[in-house]
2 protein chains.
Amino acid sequence: MPVRQGRYTLTLPSRPAITGWAAIGGKKEGQGPLGEEFDYIYEDTTAGENTWEKAESALHKDAVERALASSGTKAGDVDMIFSGDLLNQCIGTTFGIRELGIPLAGLYGACSTMALSLGMAAIMTDGGAAGTAVAATVSHFCSAEKQFRMPLEYGGQRPPTAQWTATAAGAAVIKQKGEGPRVSAVIIGRIQDLGIKDSNNMGAAMAPAACSTIADFLRDTNTRPQDYDLILTGDLGSIGSALLIELLQKQENIDISSVQADCGLMLYDVEKQDVHAGGSGCGCSAAVLCCHVLPRLASGELKKVLLVGTGALMSPVSTMQNESIPGIAHGVLLTSK
Amino acid sequence: MPVRQGRYTLTLPSRPAITGWAAIGGKKEGQGPLGEEFDYIYEDTTAGENTWEKAESALHKDAVERALASSGTKAGDVDMIFSGDLLNQCIGTTFGIRELGIPLAGLYGACSTMALSLGMAAIMTDGGAAGTAVAATVSHFCSAEKQFRMPLEYGGQRPPTAQWTATAAGAAVIKQKGEGPRVSAVIIGRIQDLGIKDSNNMGAAMAPAACSTIADFLRDTNTRPQDYDLILTGDLGSIGSALLIELLQKQENIDISSVQADCGLMLYDVEKQDVHAGGSGCGCSAAVLCCHVLPRLASGELKKVLLVGTGALMSPVSTMQNESIPGIAHGVLLTSK
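Residue positions are given per chain, counted from 1 along the sequence in the order it is written. Chains carry letters and ligands carry numbers; both start at the beginning, A for chains and 1 for ligands, and go up in the order they are written. Owing to the predicted nature of the model, reporting of local features is limited to residues with pLDDT of at least 70; listing and counting of side-chain atom pairs is limited to 80 or more, with chain, interface and lining totals taken over all residues. As a rule here, side-chain values cover all heavy atoms of the structure and leave hydrogens and water aside.

Draft legend 1. The arrangement of the domain arrangement of chain A in detail. All names here are of chain A. Each domain's extent is set by a domain assignment, obtained either automatically or from a database. Domains assigned within chain A are domain 1 (3–175) and domain 2 (182–335). Taken over C-alpha atoms, the centre of domain 1 sits 17 Å from the centre of domain 2. Contact with domain 1, which involves 60 residues of that partner, is made by 63 residues of domain 2. Here's the idea: put two parts together, see how much 1.4 Å probe accessible area each one loses, and the total over both is what we call buried area. Summing both partners gives a buried area of about 4800 Å² for domain 1 against domain 2, and 63% of it is carried by carbon and sulfur. The three residues of domain 1 that bury the most area against domain 2 are Tyr8, Cys111 and Gln163, which together make up 16% of that side's buried surface. Whenever Lys or Arg places a side-chain nitrogen within 4 Å of a carboxyl oxygen from Asp or Glu, that contact is recorded as a salt bridge. At the boundary of domain 1 and domain 2, one finds one salt bridge. A salt bridge links Arg296 to Glu37; the shortest N-O distance between them is 3.2 Å. As used in this structure description, the phrase polar contact means that two N or O atoms lie within 3.5 Å; if the pair is within protein, one of them must be able to donate a hydrogen and the other to accept it, and residues adjacent in sequence are counted only when both atoms belong to side chains. Linking domain 1 with domain 2 are 26 residue pairs in polar contact (both at pLDDT 80 or more). Here the side of domain 1 that touches domain 2 takes nine residues from helix 4 (residues 113–126), the largest share from any one element. Three categories are distinguished: nonpolar for Ala, Val, Leu, Ile, Met, Phe, Trp, Tyr, Cys and Pro, charged for Asp, Glu, Lys and Arg, and polar for the others, with Gly belonging to the last. Taken together, the residues of the side of domain 1 that touches domain 2 break down into 33 nonpolar, 19 polar and eight charged. The contact rule is simple, with two residues in contact once any of their heavy atoms fall within 4.5 Å. Helix and strand assignments follow DSSP, with helices taken as H or I runs no shorter than four residues and strands as E runs no shorter than two, numbered in order from the N terminus.

Next comes the structure, spelled out in structure tokens:
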């Protein structure tokens, strides 16, 4: 049963185990530094479907099914799945998992979804509401560009501050008992909005939320950055990461520079792959977590990782209406045992 | 700490209390049969804002603030808010509550959102993850028409099977201890999709999900329809309600006709107010719950109500791509004490 530590952090005494996981990527993701670590790479990013949205759903389903298989779990034995995505009305999720027959608590957290879903699934298993829960999410570059920016065919230019939506999905299976990396604590974030209005600079919009959540977590748990192998943000990119480090230093007198890394800067070779400020999208942190971080926690190479998923909670309509961009960041403490 | 009963139902031994609530409506809702029961009616459905989306956010914020006030709770003392809406990227939620500083677990459940958020909030309070949680949602006729169907100015005709998106918001405050109606059990639904493709007939698309959730709940809890004062669906409207009763009778041999009511048929005088098959939208069941049902549970007039929120998990894009409509239904058992 979760125990509140400080004002915002929940520690999970049973430390639920992540017993299986899977990461799926597209061609570009396969060509990145983590390409070899994915469970499966679709060389054809249509995934055999006739629309980008259906391709996104196919990736989602594939990730969940592979995660279940790696955990030796049947879909019918899962008590709850927490999942969401960036598409309007979360159709990358609802169509992706509709055939699995798993009770669905649909989430919306933009690019913070993997941390939110993992946090919810872990709280539910620790609190007795689920014996087995799944956390999953997905994004697709082509469906995201079409929906949030320009149709690909338009060939619009992207400013250097823009991030690249990952074509990727990640899923993790969480159980009350079992072998695997543990979820030891969760912090649900509060919206922070410092008035950034440039939807081509999401990193800047999300950095204050990451700052708030990390500072709250360290304060609540009475720990310091050097107590962690990794404080892994996802996905602030290069601009947001620099701003986060600066904000934490100036506002909170906390220096995370030696332990911080960002999923958006890990998924791609940022310069060679022309992704400007780095990767983003729900699938980015989900895939980096599931292909790169969880295996290293399982092996003991990493022992204590604070995953901080960040999301920009705007829409094209809110941007057109001259609104600023509310940011949010959810944190999950992952330990090797 | 929640206890699983049967395959899908969670009973909540501490029976968290709903200690405050509020319902906000627009002019049309104020003219309906429940008009007098709302906490506040906006005669001007712009709520003083210059866009429909901002009006929706304003309604959301108002509902949450009134619910907190009625519970004697400060926003800063809330541990988590569960909330979502129908707008793309849930901006009715994120912009609505961004100034409140409450940890946000964003949800997407379409018109089932109030049942999902109430269920999540109750599980979290029962399981120790939150001392105080808020469940809330909102919808706005004008923003929904603009986004899902036609701009109002177009003056499009609606078929008789169509439902009318409520301009309404509802919010409830849930505490581990306190006075008020109780949340005694929760069932998270599984997607059901029987192939309905007519997005002007959401009731038909959602009825199978309601059927599945109600049948599961009655089976899990070993109860019969007559054990409830009310099995309250939201929002199937007239067509979906008739289909639900028929489906449960034929497939499960369960007759709920004497205890079933539907929020979409309660919010409006369906014929006089020209809402065709009834009301819908996240705010419909939220408002009916908060203005009509919770007060009657508090007074003891109602003793045992199974709220079954139903959602159609499609988008305009999935409809254009000739996809069918996945339905979902989440259930929450509310008791007077």
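Draft legend 2. Fine view of the interface of chain B and chain A. The interface is formed by 62 residues belonging to chain B together with 62 residues belonging to chain A. By the criterion of area lost to chain A, the three top residues of chain B are Gln89, Arg98 and Gln321 of chain B, representing 15% of everything that side buries. Applying the counting rule to chain B against chain A returns eight salt bridges. For Asp79 of chain A, the salt bridge identified is with Arg7 of chain B, shortest N-O distance 2.7 Å. Across the chain B-chain A interface, the total number found is 30 residue pairs in polar contact (both at pLDDT 80 or more). Among the secondary structure elements, those contributing two or more residues to the side of chain B that touches chain A are helix 2 (52–71), strand 5 (80–85), helix 3 (91–97), strand 6 (104–106), helix 4 (113–126), helix 5 (141–148), helix 10 (316–320) and strand 15 (327–335) of chain B. Looking at which element gives the most residues to the side of chain B that touches chain A, the answer is helix 4 of chain B, with five residues. Residue classes in the side of chain B that touches chain A are distributed as 34 nonpolar, 16 polar and twelve charged.

Draft legend 3. Representation of the layout of surface pockets in the model. All names here are of chain A. Size it by volume and the largest pocket reaches roughly 350 Å³. Every definition here rests on a 1 Å grid over the protein atoms only: cavities are sets of points where a 1.4 Å probe fits but cannot get out, pockets are open sets enclosed by protein on both sides within 12 Å along at least five of seven lines, and lining residues have some atom within 4 Å of a point. Together, 20 residues line the largest pocket, and Glu145, Arg149, Met150, Gln157 and Arg158 are the ones closest to its centre. Elements supplying a minimum of two residues to the lining of the largest pocket: helix 5 (141–148) and helix 10 (316–320). Its residues placed into classes, the lining of the largest pocket shows eleven nonpolar, six polar and three charged. Grid points are joined across faces, edges and corners, and a volume is the space filled by probe spheres set on the points.

Draft legend 4. Layout of the relation of the copies chain B and chain A. At an RMSD of 0.0 Å, chain B and chain A line up after a rotation of 180 degrees and a shift of 0.0 Å along the axis. This pairing of chains is accounted for by a two-fold axis. Taking the C-alpha atom as reference, chain B places Leu107 of chain B closest to the rotation axis, 2.0 Å from it. Interface overlap between copies: 100% of the residues of chain B at the interface are likewise at the interface in chain A, consistent with a symmetric, same-surface contact. The least-squares superposition of copies is restricted to C-alpha atoms, and to residues with a pLDDT of at least 70 in both copies.

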